[in-house]
Amino acid sequence: MRLLGLIARRLVWVPATLIGLVVLVFVISHVVPNDPARIIAGENATTAQLAALRHQYGFDLPLPEQLLRYIIQVARGDMGVSLYTQTPVAGEIWRRLPATMELAVYAMAVAVLLGVPLGVAAALRRNSWFDHTLRVLTVSGLAIAAFWLAILLQLLFAMWLNLTPVQGRVSDFGPSGITGFYTIDAALAGDWSTELDVLRHLALPVMTLAFPAMATIVRFTRAGVIGTLGSFFVDYQRAMGVPWRVTVWRYVLRSALTGTLTQIGLVFGNLLAGAVVVEAVFDWPGLGQFAVNSILQSDYNAILGFTIYVGVMFIVVNLLIDVGQVLLDPRGR
Amino acid sequence: MKLLGRIARDRVALAGLLVLAVIVLAAIFAPVLATYPQDVTTYHTAQRLLPPSAAHWFGTNQMGGDIYSRLLFGARITLMTAVIAVAVSVLIGVPIGLVGGYWPGFVGDGLMRVSDVFLAVPQIVLAMAIAATLGPQIQNVILALSLTYWPFWARLVYAETRNAKNEIYVEAAIALGVPPWRVMVLHILPAIAPSLIIRTSIGLGGTILTASALGFLGLGPPPPSPEWGRMIADARAFLPGAWWNAAAPGIAILVLVMAFNLIGDGLRDVLDPKLRGQARAVAAPAEDEAGD
Amino acid sequence: MTSESESRLVLGRRELALGAATLSVAAATPALAAGTGKFITANNNSYDTLDPHVVFDIGRIASRLNLYDALVRWTDDPPKLNMWLAEKVDISPDALTYTFTLKDAKFHDGTPITAEDVVYSMERILALKKGAYGLFSSVVKPGTTKALNPKTVQFRLTSPYAVFMAVLPEMWVVNSKMVRAHEHNGDWGAGWLARHEAGSGSFRLTHYDPAVGFAADRYAAHFMGWGPKYLDSIEFRGILEVASRVLGLEKGEFDALDGYTPYDQIKRLRGKPKVKILTEPSLRTMYFIIHNRRPPLDDVNMRRALCYAFDYNGFINNLLDGSVVRNAGIIPDPMWGAPKDLQGYTYDLDKAKAALAKVKGPMRTLTINALGGYPQSGQAAELLQSGLAKIGVKATIQSQPWPVVAARLGDEQKSADLIPLWRSAYFADPHNWTGYIYNSKQIGRGNLSFFSNKRFDELTDKALVLVKQADRQPLYEEASRILVDEAAGLFIYNTNYYGAFNDRVQGVRYCPIADAQDMRWQWLA
């Protein structure tokens, strides 16, 4: 019941936040001095054609009315037509979503699977050489520019070591499949050479994204474990004669994980932000590249659609984390 | 001064502070320190893409500009962007957080919902949209970063203010009839200042990363501005041949951001004695990472 | 180049004979014919649309050239005009009626190509008003193209047009039945054709993703037949970053790069084991488009000041290491019609200041729109900006991908003041560099500079009506001098073509029109 209540309370705010987001982005994009009708009409449009287009797309309506129409339209899941490519924005976003999600999920997995054990190890061996080395690594992980790291890795692994491809998501046009995650689609099709190819393409962008994410997780896990180790509860367990190993595995790790979990939403947000520049460097055909292109093309509908989708993803992830936290920590917040 | 003395005892933070001081001084005295101060706007096409040497310490770029000199002037842009953007967002976010936290009911909820809207999208995405809309210019970059960063401060101050309001001395002040603005400024603000200062240092580092990413994507100050992100973007076309072209600005960003982060770490140890206690060890980093 | 359309016709027949010979060889020796695998080109532009009638540039020509055919086609260097889908053409003595007889050819879906398809394609270009529209709009009116019978199509021009044959390769023939079936609200199938293909070209589309590129398989039944060796499939990837393209070629991930690779990278690639560089004289002049109508650029003295403020020597000999040659005017010097004694501008800040002093109107900050993905364009922009700063004129640079810049070109309000780019050869005729891009009738179409000059218009109009090269040449020479004197653009150089290929690549037939992206000739060793 407690869980349902929490979810219900959060859900109430989701539509309000979303409407706010639509308004915000709408305001930003309508300060653009460019004439969207001109982009649709092309180079040789006459004034009459432009007027007709403005009317067709509703650009001639007062701004509040345009906004209202847009909110209603978005509520129906329709993001409008890209002013540049003339294709539905929602379709384009859905087509590109798997590429970015695949990147983000693998980066998150790498960051968590490496970050949590490293963080625990560092905490248990506080102030050892291992701890210090890790500290240097994590501090630089949080200080390095993602696009620069991407270029470094590209030169190191693709060029000098010749281990990975330079760019792209797959050598060919990728396996066709239902999930859009090439690693899964290739596995489902039993196409192992494509699977390997996809993994090789994933390696560099995932490493670039995972490095700062891992740094964050290591720091949290380390701080969390140290905090728990020093608590009265651990002292009590020790006093009660509970073996040290059991204490660490059963209690310390659990509470440290709860702390780490709160950061997953944040890390996920950082991954999406990082994807924008990382996709630009590796020509990754995902949402980040889509966002950069849309902005360069002054494509209102696409920018609006992208921002709203990212907003929705973000809100959903945060909701899931709240739920996960309650499950892990019965006391709730 | 006492603060500086205490930071100085933490070797890592001291290193950060020294590095920062060197970079700030280099930026201030760029016209004097630069070996070719005119190279920001003038080119020597005959001397293009020269590797590092005694004449050109960090080599030259694709237009024949001296990279060391451009780096110094770029430091001015980077530091100015980050300092102004963080200052503006603090000036917007802190009052909102204070007011919201002081009256947590209707007012606070409303204000926090507004900041939620901004926080619903990664900062760089919104900043990109704003910077692209207004056009690639330094003041627009600063504006975009400020407009997207204030909610972080509002959130932080909101939470801290709510906690501080339950402290006995604040309750006492309110009971004695001290007007709300005086309570906020004289009692609550000093109490939350330490975490604000820690966050500012780390926030400056994060803002530098975001600003350079905007520059890399072509949304930063336009050429010939020696903005570091743009320098890296321009250098890419000449990789891997002229590696020094991309190496210098990348290392500069790394070092500067690291300096801010180390100072932030050091400040936390010094300023927030509560964090030494175990109970809040988990919560403490939660504050700083959110700013990246 | 041949001088008369009559001899062009003869040339066409000879080419046809050659084509037929190749076909019979291929058919007679099937055992030798062999597919040699897949060929990947790393291109500097993405393919944001596949519709052959909405874009008209070199950066995205590969989709048109390989998926579609036209009545005639340019090949080789110096460029030759070949009969392609057309078997022959009869041109009336008044040079107004062009009657084409079609070969037996089939679209990718097996439907025979008929005169109806040609008519539909021409009407579609005239209706969409995009891409190569400006090449035809002045002489072909909607509804005047007729299918006399399934194999014969007739164009009726409103006035003689010397370059009609030369520009026809940009009239790509689409499968009218297929496109009609996908028309939506009278859009001429534009929504559908942007993402699909309805052609007869040497390759048949298999994959298309605007975010990645396109891939196509060999169309074995292509009417031109195939040589003994050929590619099984081709792929064109849009990769904005030069470094990624170059690294990929070095590693063998790509087989060829676009024709705009910076010379620094060409120099580096020369020493690499798996790479070969093809160098050919080209017909591609680099220049700045100047917005001739927007003050203060409407003042000739302002434009001259710009032309004196650009460091030609520094750009050509230092930045580009002498890999290109100075071209005083817009017509490439190897092309007829380019005056051999033309005196261009030099980098002379005193003269620039003197010209600037004569400018009457108020000064303002100029805008330069450089092309992302083309480092040279950005470098030229920065060099001009630096020169202008020395004479006290401020300029800002904005860099954007070519499709974005292209979408704004020709828009008097939105187009930037200055755009550093290239004028490639779309057809080997001086009209390509003069009348089409500076005649005032072409404003909003080919004329992206908003330049208008009465004498220039007279000359270039007259040159289109005349037939003989000897008669046309002096007109173009005078026109070229006017452009320089009026500083209609800031003309820099004529390029050489530096093509970077994997050393397995064979059979490349470079043509200044489309570089080396006509893939039907190439194979992998």
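Residues numbered from 1 in each chain as written. Chains lettered and ligands numbered in written order. Predicted model: local features only at pLDDT ≥ 70, side-chain atom pairs only at ≥ 80, totals over all residues. Heavy atoms only, no water.

Describing the overall build of chain B
Okay, so step 1: A tally of helices and strands in chain B yields 12 helices and 0 strands.
Okay, so step 2: The secondary structure elements of chain B, listed N-terminal to C-terminal, are α-α-α-α-α-α-α-α-α-α-α-α.
Okay, so step 3: Principal axes of the C-alpha set define a box for chain B whose edges measure 75 × 45 × 30 Å.
Okay, so step 4: For chain B, the residues scored as buried account for 59% of the 292 residues in total.
Okay, so step 5: Of the contacts formed within chain B by residues at least 6 apart in sequence, a portion of 71% connects residues at least 24 apart.
Okay, so step 6: Counting only carbon and sulfur atoms, one obtains 71% of the accessible surface of chain B, whose full area is about 11100 Å².
Okay, so step 7: Across chain B, the mean location of the 19 positive side-chain charges is 3 Å away from that of the 17 negative side-chain charges. (Helix = DSSP H or I, 4+ residues; strand = E, 2+ residues; numbered from the N terminus. Buried < 20%, exposed > 50% of the residue type's maximum accessible area, 1.4 Å probe, protein only. Contact = heavy atoms within 4.5 Å. Areas by Shrake-Rupley, 256 points an atom, 1.4 Å probe, with all protein chains shown as cover. Lys, Arg positive; Asp, Glu negative; His and termini not counted. Charge placed at Lys NZ, Arg CZ, Asp CG, Glu CD.)

What to know about the interface of chain A and chain B
Okay, so step 1: Across the contact, 51 residues belong to chain A and 50 residues belong to chain B.
Okay, so step 2: Between chain A and chain B, roughly 4200 Å² of surface is buried when both sides are summed, and carbon and sulfur atoms account for 78% of that area.
Okay, so step 3: When the area that chain A buries against chain B is broken down by residue, the three leading residues are Phe147, Trp148 and Ile295 of chain A, summing to 15%.
Okay, so step 4: Across the chain A-chain B interface, the total number found is 2 salt bridges.
Okay, so step 5: With its nearest N and O atoms 3.2 Å apart, the salt bridge here joins arginine 219 of chain A to aspartate 265 of chain B.
Okay, so step 6: If you look at where chain A meets chain B, you find 3 residue pairs in polar contact (both at pLDDT 80 or more).
Okay, so step 7: Contributions of two or more residues to the side of chain A that touches chain B are made by helix 1 (2-29), helix 6 (129-143), helix 7 (146-160), helix 9 (192-229), helix 11 (244-282), helix 12 (287-296) and helix 13 (300-328) of chain A.
Okay, so step 8: Among the elements that line the side of chain A that touches chain B, the one with the most residues is helix 11 of chain A, at 11 residues.
Okay, so step 9: Looking at the side of chain A that touches chain B residue by residue, the classes come out as 34 nonpolar, 15 polar and 2 charged. (Buried area = accessible area lost by both parts, 1.4 Å probe. Salt bridge = Lys/Arg side-chain N within 4 Å of Asp/Glu carboxyl O. Polar contact = N/O pair within 3.5 Å; in protein donor to acceptor, adjacent residues only side chain to side chain. Nonpolar A, V, L, I, M, F, W, Y, C, P; charged D, E, K, R; others polar.)

Digging into the side chain of glutamate 227 of chain B
Residue and element names in this part refer to chain B.
Okay, so step 1: Of note, glutamate 227 is situated in the loop between helix 9 (180-216) and helix 10 (228-236).
Okay, so step 2: Although glutamate 227 is buried, it forms no salt bridge, and the closest oppositely charged side chain is arginine 230 at an N-O distance of 5.6 Å.
Okay, so step 3: A distance of 3.1 Å separates a polar atom in the side chain of glutamate 227 from the backbone nitrogen of glycine 229.

Digging into the packing of aromatic side chains
Okay, so step 1: Within this structure, the stated rule accounts for 39 aromatic pairs over all chains.
Okay, so step 2: When the ring of tyrosine 308 of chain C is compared with that of tyrosine 345 of chain C, the centres are 5.0 Å apart and the planes differ by 80°; the resulting orientation is edge-to-face. Here the residue tyrosine 308 of chain C occupies a position in helix 10 (residues 300-308), and tyrosine 345 of chain C occupies one in the loop between strand 15 (325-326) and helix 12 (349-357), the gap between them amounting to 37 residues. Considered together, tyrosine 308 of chain C and tyrosine 345 of chain C belong to a single accessibility category, that of buried residues.
Okay, so step 3: Among the aromatic residues, ring-to-ring pairing joins Tyr287, Tyr438, Phe451, Phe456 and Phe491 of chain C into one connected group.
Okay, so step 4: Cation over ring: arginine 199 of chain B sits above tryptophan 153 of chain B, and NZ or CZ is 5.4 Å from the ring centre.
Okay, so step 5: Over the face of the ring belonging to tyrosine 312 of chain C we find arginine 326 of chain C, whose NZ or CZ atom lies 3.8 Å from the ring centre. (Phe/Tyr/Trp six-rings, centres within 6.5 Å; stacked < 30°, edge-to-face > 60°. Lys NZ or Arg CZ within 6 Å of the ring centre and 35° of its normal.)

A short note on the packing of helix 7 of chain A against helix 9 of chain A
Residues and elements named next belong to chain A.
Okay, so step 1: Running from N to C, helix 7 and helix 9 point in directions that differ by 140°, and their axes come no closer than 9 Å. In terms of orientation, helix 7 lies oblique with respect to helix 9. Between helix 7 and helix 9 lies a crossing of right-handed hand. Mapping the contact onto sequence places Ala146, Leu149, Ala150, Leu153, Gln154, Phe157 and Ala158 in helix 7 and Leu204, Met207, Thr208 and Phe211 in helix 9.
Okay, so step 2: Taken together, the residues of the contact of helix 7 with helix 9 sort by class into 9 nonpolar, 2 polar and no charged. (Axes fitted to C-alpha atoms, helices over the stretch in contact; angles between N-to-C directions. Parallel < 35°, antiparallel > 145°, perpendicular 65-115°, else oblique. Left-handed = near helix turned anticlockwise from the far one by under 90°.)

Examining the pattern of salt bridges
Residues and elements named next belong to chain C.
Okay, so step 1: Taken as a whole and assessed by the stated rule, the structure comprises 41 salt bridges over all chains.
Okay, so step 2: In this structure, arginine 245 engages aspartate 258 in a salt bridge whose closest nitrogen and oxygen atoms are separated by 3.0 Å. In this pair, arginine 245 is assigned in helix 8 (residues 242-251) and aspartate 258 in the loop between strand 13 (256-257) and helix 9 (263-270), connecting sequence segments 13 residues apart. The pair arginine 245 / aspartate 258 is uniform in exposure class, with both members buried.

Overview of the interface of chain C and chain A
Okay, so step 1: The interface is formed by 39 residues belonging to chain C together with 34 residues belonging to chain A.
Okay, so step 2: Between chain C and chain A, roughly 2800 Å² of surface is buried when both sides are summed, and carbon and sulfur atoms account for 51% of that area.
Okay, so step 3: There are 2 salt bridges connecting chain C and chain A.
Okay, so step 4: Among the ionic pairs, aspartate 172 of chain A bridges to lysine 38 of chain C, the shortest N-O distance being 3.0 Å.

Focus on the pairing of strand 4 (residues 80-83) of chain C
Successive side chains on a regular strand alternate, one facing one side of the sheet and the next facing the other.
Residues and elements named next belong to chain C.
Okay, so step 1: Examined bridge by bridge, strand 3 (residues 72-75) and strand 4 share 4 bridges and lie antiparallel to one another. Within the sheet, the bridge partner assigned to tryptophan 74 lies in strand 4 and is leucine 81.
Okay, so step 2: Hairpin connection, strand 3 to strand 4: the antiparallel pair is bridged by 4 residues, and aspartate 76 has positive phi, about 65°. (Pairing = 2+ DSSP bridges.)

Section: the sheet that holds strand 6 (residues 97-102) of chain C
Residue and element names in this part refer to chain C.
Okay, so step 1: An order of 5-6-8-7 is seen for the 4 strands of this open sheet, with the pairing classed as antiparallel. In the strand order of this sheet, the two ends are held by strand 5 (86-91) and strand 7 (146-149), each with one partner. Here the average twist between neighbouring strands, direction ignored, is 25°.
Okay, so step 2: Here helix 3 (residues 115-128) sits on the sheet and contacts strand 6, strand 7 and strand 8 (152-156); the angle it forms with strand 8, its principal contact strand, is near 30°.

Re a nonpolar patch on the surface
All names here are of chain B.
Okay, so step 1: Among the surface-exposed residues, Val24, Leu25, Ile28, Phe29, Val32 and Leu33 lie close enough to one another that they form a single nonpolar patch of about 540 Å² accessible area.
Okay, so step 2: Among the elements of the structure, helix 2 (11-28) and helix 3 (30-33) are those that each provide at least two residues to the nonpolar patch.
Okay, so step 3: No other element matches helix 2, which puts 3 residues into the nonpolar patch.
Okay, so step 4: Tracing the backbone through its elements, the reader meets valine 32 in helix 3. (Patch = residues over 30% accessible without salt bridge, like charges linked within 9 Å, V, L, I, M, F, W, Y side chains within 5 Å.)

Focus: the environment of alanine 370 of chain C
Residue and element names in this part refer to chain C.
Okay, so step 1: Along the chain, alanine 370 falls in strand 16 (residues 366-372).
Okay, so step 2: By relative accessible area, alanine 370 is classed as buried at 1%.
Okay, so step 3: Along the chain, alanine 370 and leucine 421 lie 51 residues apart, while their C-alpha atoms are 7.8 Å from each other.
Okay, so step 4: Not counting residues up to four positions away in its chain, the partners in contact with alanine 370 are Ser377, Gly378, Ala381, Ile397, Gln398, Ser399, Gln400, Val405 and Pro420.

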